[in-house]
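Single-letter residue listing:
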Amino acid sequence: MKSRINFTMRQKIRQSDISITVNPDPGNPFQITLEHLDDYSFPKKSLVVIEVTSSGNYYVQRWELEGTLGEHLRGNRKEFPDGGVFFQGTLPEFQVKNFLFTIKIVDTSEEIGKILGIAHVRVRKEKDTLQKKTAIISEKADLGPELWKVKVDRNFGVSLLWNQKYPTFPNELNTNRKLQAILLPVILRTALLQLGLEGLTEEEDADEENQLQYFWNFAKKYSSQEPPSSENSEEYLDWVDAVVEEYSRQKVLGLEEWEKS
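This is a predicted model, so every value here is computed, not measured.

How do you make sense of the sheet that holds strand 2 (residues 18-22) when you look at a structure like this?
Strand pairing in a sheet relies on backbone hydrogen bonds. The paired strands run either parallel or antiparallel. Strand order across the open sheet formed by three strands is 2-3-6, with antiparallel pairing between neighbours. Of all the strands in the sheet, just strand 2 and strand 6 (85-90) have a single pairing partner and so form its edges. When the angles between neighbouring strand axes are averaged without regard to direction, this sheet yields 10°. Summarising the sheet, strand 3 (residues 29-34) and strand 6 pair through six bridges and their orientation is antiparallel. The partner of Q31 across the bridge, within strand 6, is Q88.

Structure follows, in C-alpha coordinates:
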(Lines give C-alpha, C1' and ligand atoms only; values in the text may rest on other atoms or scores of the structure.)
Protein backbone atom coordinates (compact mmCIF):
# COMPACT_ATOMS: atom_id res chain seq x y z
CA MET A 1 0.00 0.00 0.00
CA LYS A 2 1.39 3.37 -0.99
CA SER A 3 1.54 6.16 1.54
CA ARG A 4 0.63 9.75 0.86
CA ILE A 5 1.82 12.93 2.48
CA ASN A 6 -0.79 15.26 3.92
CA PHE A 7 0.19 18.53 2.23
CA THR A 8 -2.72 20.41 3.82
CA MET A 9 -0.69 20.75 7.05
CA ARG A 10 -3.86 20.12 9.04
CA GLN A 11 -3.34 18.82 12.53
CA LYS A 12 -5.26 15.70 13.45
CA ILE A 13 -7.03 16.12 16.77
CA ARG A 14 -6.26 13.07 18.88
CA GLN A 15 -9.16 10.72 19.56
CA SER A 16 -8.05 10.57 23.19
CA ASP A 17 -8.80 14.33 23.46
CA ILE A 18 -12.41 13.87 22.32
CA SER A 19 -15.40 12.59 24.28
CA ILE A 20 -18.79 12.21 22.54
CA THR A 21 -22.02 10.77 23.93
CA VAL A 22 -25.27 10.40 21.96
CA ASN A 23 -28.21 9.54 24.21
CA PRO A 24 -31.07 7.36 22.86
CA ASP A 25 -33.68 9.59 24.52
CA PRO A 26 -36.15 11.52 22.31
CA GLY A 27 -34.36 14.20 20.31
CA ASN A 28 -31.06 12.29 20.41
CA PRO A 29 -29.26 14.76 22.72
CA PHE A 30 -25.49 14.63 22.44
CA GLN A 31 -22.49 16.11 24.22
CA ILE A 32 -18.99 16.78 22.91
CA THR A 33 -15.95 17.63 25.01
CA LEU A 34 -12.59 18.58 23.50
CA GLU A 35 -9.61 18.65 25.84
CA HIS A 36 -5.88 19.50 25.81
CA LEU A 37 -6.36 21.98 22.96
CA ASP A 38 -3.42 24.04 24.22
CA ASP A 39 -1.19 21.27 22.81
CA TYR A 40 -2.17 22.20 19.25
CA SER A 41 -1.43 25.96 19.30
CA PHE A 42 -4.47 26.81 17.18
CA PRO A 43 -4.96 30.57 16.63
CA LYS A 44 -7.32 31.92 19.28
CA LYS A 45 -9.50 33.58 16.62
CA SER A 46 -10.29 30.24 15.02
CA LEU A 47 -13.83 28.86 15.00
CA VAL A 48 -15.00 25.42 16.11
CA VAL A 49 -17.27 23.63 13.63
CA ILE A 50 -19.08 20.34 14.26
CA GLU A 51 -20.70 18.28 11.51
CA VAL A 52 -22.60 15.02 11.82
CA THR A 53 -24.07 12.56 9.37
CA SER A 54 -24.88 8.86 9.21
CA SER A 55 -24.04 6.20 6.66
CA GLY A 56 -27.69 5.97 5.62
CA ASN A 57 -28.10 9.70 4.99
CA TYR A 58 -26.58 12.23 2.64
CA TYR A 59 -27.73 15.12 4.82
CA VAL A 60 -25.06 16.78 6.98
CA GLN A 61 -26.09 18.69 10.09
CA ARG A 62 -23.66 21.48 10.94
CA TRP A 63 -23.01 23.69 13.96
CA GLU A 64 -20.63 26.62 14.16
CA LEU A 65 -20.00 27.31 17.83
CA GLU A 66 -20.76 30.87 18.81
CA GLY A 67 -17.61 32.78 19.73
CA THR A 68 -13.97 32.14 18.92
CA LEU A 69 -11.83 29.27 20.11
CA GLY A 70 -10.01 31.65 22.42
CA GLU A 71 -13.26 32.75 24.05
CA HIS A 72 -14.26 29.14 24.67
CA LEU A 73 -10.85 28.30 26.13
CA ARG A 74 -11.00 31.28 28.49
CA GLY A 75 -14.54 30.47 29.58
CA ASN A 76 -13.71 26.83 30.30
CA ARG A 77 -10.23 27.35 31.76
CA LYS A 78 -11.27 26.51 35.31
CA GLU A 79 -12.80 23.17 34.30
CA PHE A 80 -10.23 22.42 31.56
CA PRO A 81 -6.87 23.93 32.58
CA ASP A 82 -5.17 22.51 29.48
CA GLY A 83 -7.72 24.07 27.13
CA GLY A 84 -11.17 22.64 26.53
CA VAL A 85 -14.39 23.17 24.62
CA PHE A 86 -17.81 21.80 25.58
CA PHE A 87 -20.87 21.65 23.31
CA GLN A 88 -24.27 19.96 23.46
CA GLY A 89 -27.07 19.69 20.93
CA THR A 90 -29.72 17.38 19.48
CA LEU A 91 -30.04 15.26 16.34
CA PRO A 92 -33.75 15.24 15.48
CA GLU A 93 -33.27 14.42 11.78
CA PHE A 94 -31.58 11.05 12.27
CA GLN A 95 -33.36 7.83 13.18
CA VAL A 96 -30.32 5.55 13.02
CA LYS A 97 -27.82 4.24 15.54
CA ASN A 98 -24.47 5.09 13.96
CA PHE A 99 -23.16 8.60 13.43
CA LEU A 100 -20.02 10.16 12.05
CA PHE A 101 -18.96 13.35 13.83
CA THR A 102 -16.45 15.63 12.12
CA ILE A 103 -14.81 18.26 14.30
CA LYS A 104 -12.99 21.13 12.60
CA ILE A 105 -10.91 24.04 13.82
CA VAL A 106 -11.22 26.70 11.11
CA ASP A 107 -9.14 29.82 10.48
CA THR A 108 -11.50 32.53 9.18
CA SER A 109 -8.92 35.31 8.81
CA GLU A 110 -9.21 34.97 5.02
CA GLU A 111 -12.24 34.96 2.75
CA ILE A 112 -12.09 31.17 2.36
CA GLY A 113 -11.79 29.45 5.73
CA LYS A 114 -8.80 27.16 6.18
CA ILE A 115 -9.12 23.98 8.22
CA LEU A 116 -6.31 23.90 10.77
CA GLY A 117 -7.39 20.86 12.78
CA ILE A 118 -9.76 17.97 12.13
CA ALA A 119 -11.03 14.73 13.62
CA HIS A 120 -13.53 12.09 12.48
CA VAL A 121 -15.25 10.14 15.25
CA ARG A 122 -17.75 7.34 14.75
CA VAL A 123 -20.31 7.13 17.57
CA ARG A 124 -23.17 4.81 18.38
CA LYS A 125 -26.45 6.09 19.84
CA GLU A 126 -26.26 4.47 23.24
CA LYS A 127 -25.77 5.47 26.84
CA ASP A 128 -22.18 4.36 26.25
CA THR A 129 -19.82 6.70 24.44
CA LEU A 130 -17.69 5.46 21.58
CA GLN A 131 -18.80 2.34 19.76
CA LYS A 132 -16.59 -0.73 19.84
CA LYS A 133 -14.79 -0.97 16.55
CA THR A 134 -15.43 -3.76 14.09
CA ALA A 135 -13.89 -4.23 10.67
CA ILE A 136 -17.31 -4.27 8.97
CA ILE A 137 -20.25 -2.30 10.39
CA SER A 138 -23.66 -3.98 10.14
CA GLU A 139 -26.66 -1.72 9.46
CA LYS A 140 -30.21 -2.16 8.26
CA ALA A 141 -31.35 -0.32 5.13
CA ASP A 142 -34.10 -0.19 2.51
CA LEU A 143 -32.60 -2.46 -0.16
CA GLY A 144 -35.71 -3.25 -2.19
CA PRO A 145 -35.47 -6.87 -3.40
CA GLU A 146 -31.85 -7.36 -2.25
CA LEU A 147 -31.13 -9.20 0.99
CA TRP A 148 -27.74 -7.61 1.66
CA LYS A 149 -25.26 -5.21 0.10
CA VAL A 150 -21.71 -4.07 0.82
CA LYS A 151 -21.05 -0.32 0.91
CA VAL A 152 -17.63 1.33 1.12
CA ASP A 153 -16.87 4.91 2.11
CA ARG A 154 -13.67 6.80 2.93
CA ASN A 155 -15.12 8.06 6.24
CA PHE A 156 -17.43 5.21 7.26
CA GLY A 157 -15.23 2.36 6.06
CA VAL A 158 -16.98 -0.88 5.08
CA SER A 159 -20.63 -1.49 5.93
CA LEU A 160 -22.75 -4.59 5.47
CA LEU A 161 -26.26 -3.32 4.77
CA TRP A 162 -29.06 -5.82 5.34
CA ASN A 163 -32.67 -5.51 4.24
CA GLN A 164 -34.85 -4.05 6.99
CA LYS A 165 -37.67 -6.37 5.86
CA TYR A 166 -35.65 -9.31 7.22
CA PRO A 167 -34.78 -8.32 10.81
CA THR A 168 -33.55 -11.85 11.67
CA PHE A 169 -30.71 -11.73 9.13
CA PRO A 170 -27.97 -10.35 11.48
CA ASN A 171 -28.68 -12.95 14.15
CA GLU A 172 -28.74 -15.77 11.62
CA LEU A 173 -25.42 -14.64 10.18
CA ASN A 174 -23.89 -14.42 13.67
CA THR A 175 -25.06 -17.89 14.76
CA ASN A 176 -25.33 -20.08 11.65
CA ARG A 177 -21.85 -21.39 10.80
CA LYS A 178 -22.90 -22.76 7.41
CA LEU A 179 -24.36 -19.40 6.44
CA GLN A 180 -21.11 -17.75 7.60
CA ALA A 181 -19.10 -20.14 5.42
CA ILE A 182 -21.21 -19.18 2.41
CA LEU A 183 -21.45 -15.42 2.91
CA LEU A 184 -18.47 -14.10 4.89
CA PRO A 185 -15.79 -14.82 2.25
CA VAL A 186 -18.07 -13.28 -0.40
CA ILE A 187 -18.64 -10.19 1.74
CA LEU A 188 -14.90 -9.78 2.34
CA ARG A 189 -14.09 -10.23 -1.36
CA THR A 190 -16.84 -7.81 -2.40
CA ALA A 191 -15.55 -5.16 0.01
CA LEU A 192 -11.95 -5.50 -1.20
CA LEU A 193 -12.97 -5.37 -4.86
CA GLN A 194 -15.18 -2.31 -4.31
CA LEU A 195 -12.38 -0.54 -2.45
CA GLY A 196 -10.01 -1.28 -5.29
CA LEU A 197 -12.50 -0.16 -7.92
CA GLU A 198 -13.12 3.15 -6.12
CA GLY A 199 -9.42 3.75 -5.49
CA LEU A 200 -9.73 3.57 -1.71
CA THR A 201 -6.74 1.26 -1.28
CA GLU A 202 -4.53 4.12 -0.17
CA GLU A 203 -5.05 6.15 2.99
CA GLU A 204 -3.84 9.74 3.13
CA ASP A 205 -3.76 9.62 6.93
CA ALA A 206 -3.03 6.07 8.05
CA ASP A 207 -4.72 6.38 11.44
CA GLU A 208 -5.78 3.42 13.56
CA GLU A 209 -8.89 5.38 14.58
CA ASN A 210 -10.06 5.77 10.98
CA GLN A 211 -12.74 3.18 10.22
CA LEU A 212 -11.45 2.50 6.71
CA GLN A 213 -7.90 2.03 7.94
CA TYR A 214 -9.24 -0.28 10.63
CA PHE A 215 -10.72 -2.50 7.91
CA TRP A 216 -7.43 -2.50 5.97
CA ASN A 217 -5.52 -3.52 9.08
CA PHE A 218 -8.03 -6.37 9.51
CA ALA A 219 -7.62 -7.55 5.90
CA LYS A 220 -3.83 -7.37 6.05
CA LYS A 221 -3.78 -9.83 8.94
CA TYR A 222 -4.56 -12.52 6.36
CA SER A 223 -1.67 -11.71 4.03
CA SER A 224 2.09 -11.65 4.44
CA GLN A 225 2.31 -8.89 1.80
CA GLU A 226 1.16 -5.29 1.66
CA PRO A 227 -1.77 -4.76 -0.73
CA PRO A 228 -0.51 -3.63 -4.14
CA SER A 229 -1.95 -0.59 -5.87
CA SER A 230 -5.32 -1.29 -7.45
CA GLU A 231 -3.95 0.33 -10.61
CA ASN A 232 -2.11 -2.95 -11.13
CA SER A 233 -5.34 -4.91 -11.39
CA GLU A 234 -3.85 -8.37 -11.86
CA GLU A 235 -1.60 -8.13 -8.80
CA TYR A 236 -4.39 -6.62 -6.73
CA LEU A 237 -6.84 -9.39 -7.71
CA ASP A 238 -4.24 -12.02 -6.81
CA TRP A 239 -3.77 -10.35 -3.43
CA VAL A 240 -7.53 -10.30 -2.80
CA ASP A 241 -7.72 -14.02 -3.69
CA ALA A 242 -4.94 -14.80 -1.22
CA VAL A 243 -6.56 -12.77 1.58
CA VAL A 244 -9.98 -14.39 1.14
CA GLU A 245 -8.44 -17.86 0.92
CA GLU A 246 -6.47 -17.39 4.16
CA TYR A 247 -9.46 -15.82 5.92
CA SER A 248 -11.62 -18.78 4.89
CA ARG A 249 -8.97 -21.24 6.10
CA GLN A 250 -8.74 -19.60 9.52
CA LYS A 251 -12.22 -18.34 10.24
CA VAL A 252 -14.99 -20.22 8.45
CA LEU A 253 -16.30 -23.76 8.46
CA GLY A 254 -14.06 -26.15 6.52
CA LEU A 255 -15.36 -28.80 4.14
CA GLU A 256 -14.81 -31.63 6.62
CA GLU A 257 -16.61 -29.74 9.36
CA TRP A 258 -19.39 -28.90 6.90
CA GLU A 259 -19.99 -32.57 6.15
CA LYS A 260 -20.07 -33.41 9.87
CA SER A 261 -22.46 -30.59 10.80
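From this point, the discussion proceeds with the structure in view.
For this particular structure, what's the right way to read the packing of aromatic side chains?
A full pass over the atoms with the stated rule returns 12 aromatic pairs. Seen from their ring centres, Y40 and F42 are 5.4 Å apart, and the 0° between their planes marks the pair as stacked. Summarising the burial analysis for this pair, Y40 and F42 share the class buried. Relative to W239, the ring of Y236 has its centre 6.2 Å away and its plane inclined at 25°; by these criteria the two rings are stacked. In this pair, Y236 and W239 are both assigned in helix 5 (residues 233-251), three residues apart and thus about one turn of the helix distant. Across the pair, exposure class does not vary: Y236 and W239 are buried alike. Connected via pairs of aromatic rings, a cluster forms that spans F215, W216, F218, Y222, Y236, W239 and Y247.

In this structure, what is going on with helix 3 (residues 177-197)? I would like to understand it.
A turn of α-helix holds 3.6 residues, and therefore any two residues three or four places apart point the same way. With 21 residues, helix 3 extends 30 Å from end C-alpha to end C-alpha; this agrees with the ideal 30 Å at 1.5 Å per step. Those residues of helix 3 that sit buried are Q180, A181, L183, P185, I187, L188, A191, L192, L195 and G196. The distance from a side-chain oxygen at the start of helix 3 to the backbone nitrogen of K178 is 3.0 Å, and the residue carrying that oxygen is N176. Backbone geometry just after helix 3 places G199 at a positive phi near 70°.

It is not clear to me how the packing of helix 4 (residues 211-220) against helix 5 should be interpreted in this structure. Could you clarify?
Geometry of a packed helix pair, given as the angle between the helix axes and the separation of the axes. For the pair helix 4 and helix 5, interaxial distance at closest approach is 10 Å and the crossing angle is 75°. In this view, helix 4 runs roughly perpendicular relative to helix 5, as classed from their interaxial angle. Of the residues in helix 5, those in contact with W216, F218, A219 and K220 of helix 4 are Y236, W239, V243 and Y247. Here the residues of the contact of helix 4 with helix 5 are counted per class, giving seven nonpolar, no polar and one charged.

Rules behind the numbers
- Residues numbered from 1 in each chain as written.
- Predicted model: local features only at pLDDT ≥ 70, side-chain atom pairs only at ≥ 80, totals over all residues.
- Heavy atoms only, no water.
- Pairing = 2+ DSSP bridges.
- Helix = DSSP H or I, 4+ residues; strand = E, 2+ residues; numbered from the N terminus.
- Axes fitted to C-alpha atoms, helices over the stretch in contact; angles between N-to-C directions.
- Phe/Tyr/Trp six-rings, centres within 6.5 Å; stacked < 30°, edge-to-face > 60°.
- Buried < 20%, exposed > 50% of the residue type's maximum accessible area, 1.4 Å probe, protein only.
- Expected span 1.5 Å × (residues − 1).
- Polar contact = N/O pair within 3.5 Å; in protein donor to acceptor, adjacent residues only side chain to side chain.
- Parallel < 35°, antiparallel > 145°, perpendicular 65-115°, else oblique.
- Contact = heavy atoms within 4.5 Å.
- Nonpolar A, V, L, I, M, F, W, Y, C, P; charged D, E, K, R; others polar.

The analysis is restricted to geometry; functional conclusions fall outside its scope.
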